[in-house]
Amino acid sequence: MDRLPRPLLACLTAAMLALPLTACDRAHPDRPDMAQDFPLPDRPVSGLGSNSFSTEEARDDRREAETVMAKASVAPGMTVADIGAGEGYYTVRLAAVVGSEGRVLAQDIDQAALARLAERVERERLDNVSVTLGAEADPHLPAGSFDRVFMVHMYHEVTEPYAFLWHLRPSLSPGGQVIVVDVDRPTDQHGIPPQLLFCEFQQVGYRLVEFDRKPEIAGYYAQFEAVGERPQPDAIRPCAAPGEDETATTR
C-alpha cells in the first residue's frame, strides 16, 4: 500500500481527532516547501509580465531611476539588491552609484532574462555586480548584508508574499530598508493598491518609512524597514483585498 503524503496524512489525523485545521488549510502540494507554513495571499497574483517595463531611454527621460535612487539615499559603498532585475535597468544604474566600493546583487526567477543580464554585466564590465537565480518563496540572500533591497514593478508578481518577505528580513543590515515601486491598480492587472501593500508588509513586521506618488516613476514609491521581532509564520494573517469587509482574515 502506498504511503499518503505527509501533509495529507496530518490533515486526516487532525480531522479524526477533531483538531484545529489551521496548518492543514495552509498545506498545499503545489506550494514550495519554504512557503507551507505561511498563508497564501487573499488576492489574485499577477502572472509574470514583460521584463521590459518600458524602454530604458523613456525611463531615463523621465528620470525614473535617478528619482528612486535619490529618494532611497543610495550612496557610494552601499550593498544593494535588485530583486526582479529583469534586463537590468536598475542594476546597471545602481552599480554606477554605489561605485567600486559597493556591491549590487541582481536577482530574478526568469532564467532567460537572468542569462541576458549576465551577458550585459560582462559586456559592460560591471565588476561590482553579481547575478543570481531567485525563488518564489525565498530570495536566499545572505544575512545582514543589504543596505537597500529594491523591488521595482515586480512585487505584485510574487506568488508567496508572506514567505518571501519573512525570508527577506534577515538579509537587511542594521538600518537596511526595502524599496517598492509599483502601480496603484488591482493585483491581477500588474499593480497593487498601496493599502494592501502596507498591510502585507506590516503582517511580516515591517514599518512604512515613506510613501510618495511620483510621475517620474509612473506609479508610487514605498520604503519600509523591519521593526521588532520577526513574527512566527502561524501568527501571520493574510490581508484582505480592497473592497472586502476586513483588513485581514484567517485561513
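The structure we're discussing is the one just above.
Not measured: the values here are computed from a predicted model. What you see as residue numbers is a count from 1 along each chain, following the sequence as written. Owing to the predicted nature of the model, reporting of local features is limited to residues with pLDDT of at least 70; listing and counting of side-chain atom pairs is limited to 80 or more, with chain, interface and lining totals taken over all residues. Remark: hydrogens and water are excluded; side-chain values derive from all non-hydrogen atoms of the structure.

Novice: How should I be thinking about the packing of aromatic side chains in this particular structure?
Specialist: Here a ring pair, both rings aromatic, is described through the centre-centre distance and the interplanar angle of the planes. Here is the rule: rings of Phe, Tyr and Trp (six-membered ring for Trp) pair when centre to centre is within 6.5 Å. Planes less than 30 degrees apart are stacked, more than 60 are edge-to-face, and the remainder are tilted. If you walk through the whole model with that rule in mind, you get 9 aromatic pairs. Here the aromatic rings of Tyr155 and Phe201 are separated by 5.6 Å at their centres, their planes lie at 40°, and the arrangement is tilted. Of this pair, Tyr155 sits in the loop between strand S4 (146-152) and helix H7 (161-168) while Phe201 is found in helix H8 (residues 194-203), placing the two residues 46 residues apart along the sequence. Residue classification places Tyr155 among the buried residues on the basis of a relative accessible area of 0%. Pairing Phe211 with Tyr220 gives two aromatic rings, centres 5.3 Å apart and planes at 45°, and the pair type is tilted. A relative accessible area of 29% means that Phe211 is categorised as partly exposed. Relative accessibility decides the category of a residue: with a 1.4 Å probe and only protein chains considered, values under 20% of the type maximum give buried, values over 50% give exposed, and everything between is partly exposed. Of the residues examined, Tyr220 reaches a relative accessible area of 0% and is grouped as buried. Members of the aromatic cluster, each reached through a chain of ring pairs, are Tyr155, Phe198, Phe201, Tyr206, Phe211, Tyr220 and Phe224. We call a charge positioned over a ring when the NZ of a Lys or the CZ of an Arg lies within 6 Å of the ring centre and within 35 degrees of the ring normal. The aromatic ring of Tyr221 is capped on one face by Lys71, whose charged end is 5.3 Å from the ring centroid. Of note, Arg230 hangs over the ring of Trp166, and the distance from its end group to the ring centre comes to 3.5 Å. For the purposes of this entry, the term helix denotes a DSSP run of H or I that reaches at least four residues, the term strand denotes a run of E that reaches at least two, and both are numbered from the N terminus.

Novice: What should I look at first to understand the nonpolar core in this one?
Specialist: One broad trend across soluble globular proteins is that nonpolar side chains are buried collectively. Within the largest apolar cluster, 35 residues are counted, with the highest numbers of intra-cluster contacts made by Met151, Tyr155, Val178, Val180, Leu197, Phe201 and Tyr206. Elements with a minimum of two residues in this core: strand S1 (79-83), S4, H7, strand S5 (172-182), H8 and strand S7 (219-226). Among the elements that take part in this core, H7 stands out by supplying 6 residues, more than any other. Every residue pair with non-hydrogen atoms within 4.5 Å of one another is taken to be in contact. Residues in contact with Val178, not counting those within four places in the same chain, are Val149, Met151, Leu168, Leu172, Phe201, Tyr206, Ala222, Gln223 and Phe224. By nonpolar core we mean a set of buried residues, namely Ala, Val, Leu, Ile, Met, Phe, Trp, Tyr and Cys, connected to one another through side-chain atoms within 4.5 Å. Formed by 26 residues, the second largest nonpolar core is a distinct cluster that contains Ala65, Ala95, Val104 and Val121.

Novice: Would you mind going over the pairing of S7 with me for this structure?
Specialist: Where a strand is regular, its side chains alternate between the two sheet faces. Most of S7 sits out of view: 6 of its 8 residues are buried. Here, strands pair whenever DSSP counts at least two bridges between them. Across 5 bridges, S5 lies against S7 in antiparallel orientation. Bridge pairing in S7 places Val178 opposite Phe224. Here strand S6 (residues 206-214) folds back onto S7 in antiparallel fashion, the turn holding 4 residues, of which Ala218 has a positive phi close to 50°.

Novice: How should the sheet that holds strand S2 (residues 103-108) be read in this particular structure?
Specialist: The pairing of strands in a sheet happens through backbone hydrogen bonds and is either parallel or antiparallel. A sheet is described by the order of its strands in space; here 7 strands give the open sequence S3-S2-S1-S4-S5-S7-S6, paired in mixed fashion. Strand pairing shows two members of the sheet lacking a second neighbour, strand S3 (129-133) and S6, which therefore form its edges. Averaged over all pairs of adjacent strands, the angle between their axes in this sheet comes to 20°, without regard to strand direction. Along the sheet face, H7 touches S1, S4, S5 and S6 and points at about 160° away from the line of S4. Here, axes are lines fitted to C-alpha atoms. For helices the fit covers the stretch in contact, and angles between N-to-C directions go from 0 to 180 degrees.

Novice: What is the right way to read the packing of H7 against H8 from this model?
Specialist: The description of two packed helices rests on the angle between their axes and on the distance between the axes. It is at 9 Å that the axes of H7 and H8 come closest, and there the two elements cross at 55°. Of the possible angle classes, the one that applies to H7 and H8 is oblique. When you trace H7 past H8, the crossing you get is right-handed. Between H7 and H8, the contacting residues are Pro161, Tyr162 and Leu165 on the first element and Glu200, Phe201 and Gln203 on the second. Relative orientations are named as follows: roughly parallel for angles under 35 degrees, roughly antiparallel for angles over 145 degrees, roughly perpendicular for angles from 65 to 115 degrees, and oblique for any other angle. Two helices that cross are described as forming a left-handed crossing if the nearer one is turned anticlockwise from the farther one by less than a right angle, and a right-handed crossing if clockwise.

Novice: Even after reading the chapter, I still don't get helix H5 (residues 89-98), so can you show me in this structure?
Specialist: Turn by turn, an α-helix covers 3.6 residues, leaving residues three or four places apart pointing in a common direction. Burial analysis of H5 places 8 of its 10 residues in the buried class, the great majority of the element. Within H5, burial applies to Tyr89, Tyr90, Thr91, Val92, Arg93, Leu94, Ala95 and Val98. Positive backbone phi, at 75°, marks Gly99, one or two positions downstream of H5.

Novice: Help me understand H8 in this model?
Specialist: Burial analysis of H8 places 7 of its 10 residues in the buried class, the great majority of the element. Taken together, the buried positions of H8 are Pro194, Leu196, Leu197, Phe198, Cys199, Glu200 and Phe201. Where H8 is buried, its residues contact S4, H7, S5, S6 and S7. Of the residues trailing H8, Gly205 is marked for its positive phi of about 90°.

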